[in-house]
Amino acid sequence: MYGWIFRHLPGNRFWQVVQSLVLVAAVVAVLFTWVFPWVAETFNVNGDPNFD
Amino acid sequence: MRHTSSRTRSPSGGGVVSTAFGVLGELLITLGVVFGLFVVWQLWWTTVQSNQAATTIMTEFQESLPEAPQVAAELRTDAPPVPEAVAEGETIGALIVPAWYGKTDNTMPIVQGTSTELLNKAVAGHYTQTQQVGEVGNFALAGHRRTYGNSFRFVNELVPGDQVIVETASTWYVYEVTGHEVVLPSQVDVIAPVPNEPGVEPTERLLTLTTCHSPTLGEFGNSHRWITYAKFVGWMDRADGMPEQVLDDPGVQ
């Protein structure tokens with residue numbers, strides 16, 4: 001799957017690596033900005049130091 | 001390219017099956033990496049963001065203050081001034097715990113209210129139903145133990161006699177730790193005017209820190225609450241100087 005994506009990136013090997021890194025960074029950014037906060041909120045992973 | 005694709009299709013057979021297993025394997029590895037990233041986000045990134053939020057609040061508060069003389073002032077033991085309650089989310093002052101100096105952000109904002117949204121800004125939240133700082137009764141605060149700024153992370157290192165200082169626009173309030181206990185989240189009477197004795201008329205000025213704790217997971221658990229009690233020992237007017245313990249603290253202005 002990842003190999004398939006990598007091979008279908010345009011350009012030579014150098015540009016393929018650069019684009020891969022950009023894609024990975026974009027995925028991590030989406031996870032950190034939206035997905036993880038949502039998960040933590042929804043499943044109360046972090047708890048709450050308050051008294052209930 | 002042609003070489004690679006012909007290899008996946010060729011010798012040991014079952015092209016579709018092996019491709020399917022290959023994709024499944026990659027997805028499982030991805031899942032593992034994502035779980036790892038979640039831990040990184042929770043333990044590190046939330047703190048980076050929260051500390052930025054706390055710094056913004058602290059800077060705003062400190063810029064609103066008159067310059068405090070950088071000299072040690074005498075501790076006064078008469079009745080201190082008691083501020084009016086502010087609206088939810090507004091800044092009451094700063095919490096300074098000299099014992100946490102160099103370990104965590106030990107000059108943290110104290111804001112009114114204890115909602116998750118507020119505490120996630122790495123602040124100490126004042127339980128609105130408890131007394132004001134300096135007032136007879138209990139000035140009770142909540143903060144995160146780990147993650148979102150690790151506000152009260154080292155609460156377990158406080159020993160009787162350690163100072164807990166509150167700075168407001170006009171006054172320094174100095175409290176000293178008297179002890180701690182670990183309770184269940186349902187034991188809300190620890191923040192009563194007289195802790196654990198609801199309904200009793202208070203005679204002392206107390207400060208109580210509450211945060212997460214677990215007997216088994218320590219600072220990483222949230223099954224219990226760590227409660228540290230402190231008692232008022234004195235105050236000083238901002239115009240006269242500041243407590244000796246905070247003179248060398250770069251976070252204090």
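This structure is a prediction, so every number in the text was calculated from the model and none was measured. (Residues numbered from 1 in each chain as written. Chains lettered and ligands numbered in written order. Predicted model: local features only at pLDDT ≥ 70, side-chain atom pairs only at ≥ 80, totals over all residues. Heavy atoms only, no water.)

Caption draft 1: A look at the interface of chain B and chain A. Across the boundary between the two partners, chain B contributes 38 residues, which contact 19 residues of chain A. Contact between chain B and chain A buries roughly 2,300 Å² in total, counting both sides, with carbon and sulfur atoms accounting for 64%. Of all residues in chain B, B:Glu26, B:Phe38 and B:Trp41 bury the most surface against chain A, accounting for 24% of the area lost on that side. Where chain B touches chain A, the interface holds zero salt bridges. Counting across the interface, chain B meets chain A through four residue pairs in polar contact (both at pLDDT 80 or more). Taken together, the residues of the side of chain B that touches chain A break down into 22 nonpolar, 13 polar and three charged. (Contact = heavy atoms within 4.5 Å. Buried area = accessible area lost by both parts, 1.4 Å probe. Salt bridge = Lys/Arg side-chain N within 4 Å of Asp/Glu carboxyl O. Polar contact = N/O pair within 3.5 Å; in protein donor to acceptor, adjacent residues only side chain to side chain. Nonpolar A, V, L, I, M, F, W, Y, C, P; charged D, E, K, R; others polar.)

Caption draft 2: Highlighting the UniProt feature "transmembrane region" (unreviewed entry) in chain B. The UniProt record marks residues 21–45 of chain B with the feature "transmembrane region" (unreviewed entry), using the residue numbering of this structure. Secondary structure over residues 21–45 of chain B splits into 100% helix and 0% strand, and the C-alpha atoms at its two ends are 34 Å apart. (UniProt positions renumbered as here; feature names shortened; annotations may be inferred. Helix = DSSP H or I, 4+ residues; strand = E, 2+ residues; numbered from the N terminus.)

Caption draft 3: Molecular detail of the side chain of B:Arg225. Residue and element names in this part refer to chain B. Residue position: Arg225 is located in strand β8 (residues 224–237). In this structure Arg225 comes out as buried when scored by relative accessible area, which is 3%. A distance of 3.0 Å separates a polar atom in the side chain of Arg225 from the backbone oxygen of Asn222. (Buried < 20%, exposed > 50% of the residue type's maximum accessible area, 1.4 Å probe, protein only.)

Caption draft 4: Representation of helix α2 (residues 13–43) of chain A. Taking 1.5 Å as the rise per residue, α2(A) with 31 residues should run 45 Å; its terminal C-alpha atoms sit 42 Å apart, in good agreement. Within α2(A), burial applies to A:Gln16, A:Ser20, A:Leu31, A:Phe32, A:Phe36 and A:Ala40. Those residues of α2(A) that are buried lie in contact with α1 (2–8) of chain A together with α2 (15–63) of chain B. Phi turns positive, to about 50°, at A:Asn44, one or two residues after α2(A). (Expected span 1.5 Å × (residues − 1).)

Caption draft 5: Just the packing of aromatic side chains, in detail. Summed over the entire model, instances satisfying the criterion amount to ten aromatic pairs over all chains. Ring centres 5.9 Å apart and planes at 50° place the aromatic pair A:Phe36 and B:Trp41 in the tilted group. Of the two residues, A:Phe36 sits in helix α2 while B:Trp41 sits in helix α2, which places them in two different chains. Neither A:Phe36 nor B:Trp41 differs from the other in exposure class; each is buried. Taking 5.5 Å as the distance between ring centres and 35° as the angle between the ring planes, the aromatic pair formed by B:Phe38 and B:Trp41 counts as tilted. With B:Phe38 and B:Trp41 both in helix α2, this residue pair falls three residues apart, about one helical turn. A cation sits over an aromatic face here: B:Lys103 above B:Phe154, 5.3 Å from the ring centre. Positioned above the aromatic ring of B:Trp226, the side-chain terminus of B:Arg145 is 5.7 Å from the ring centre. (Phe/Tyr/Trp six-rings, centres within 6.5 Å; stacked < 30°, edge-to-face > 60°. Lys NZ or Arg CZ within 6 Å of the ring centre and 35° of its normal.)

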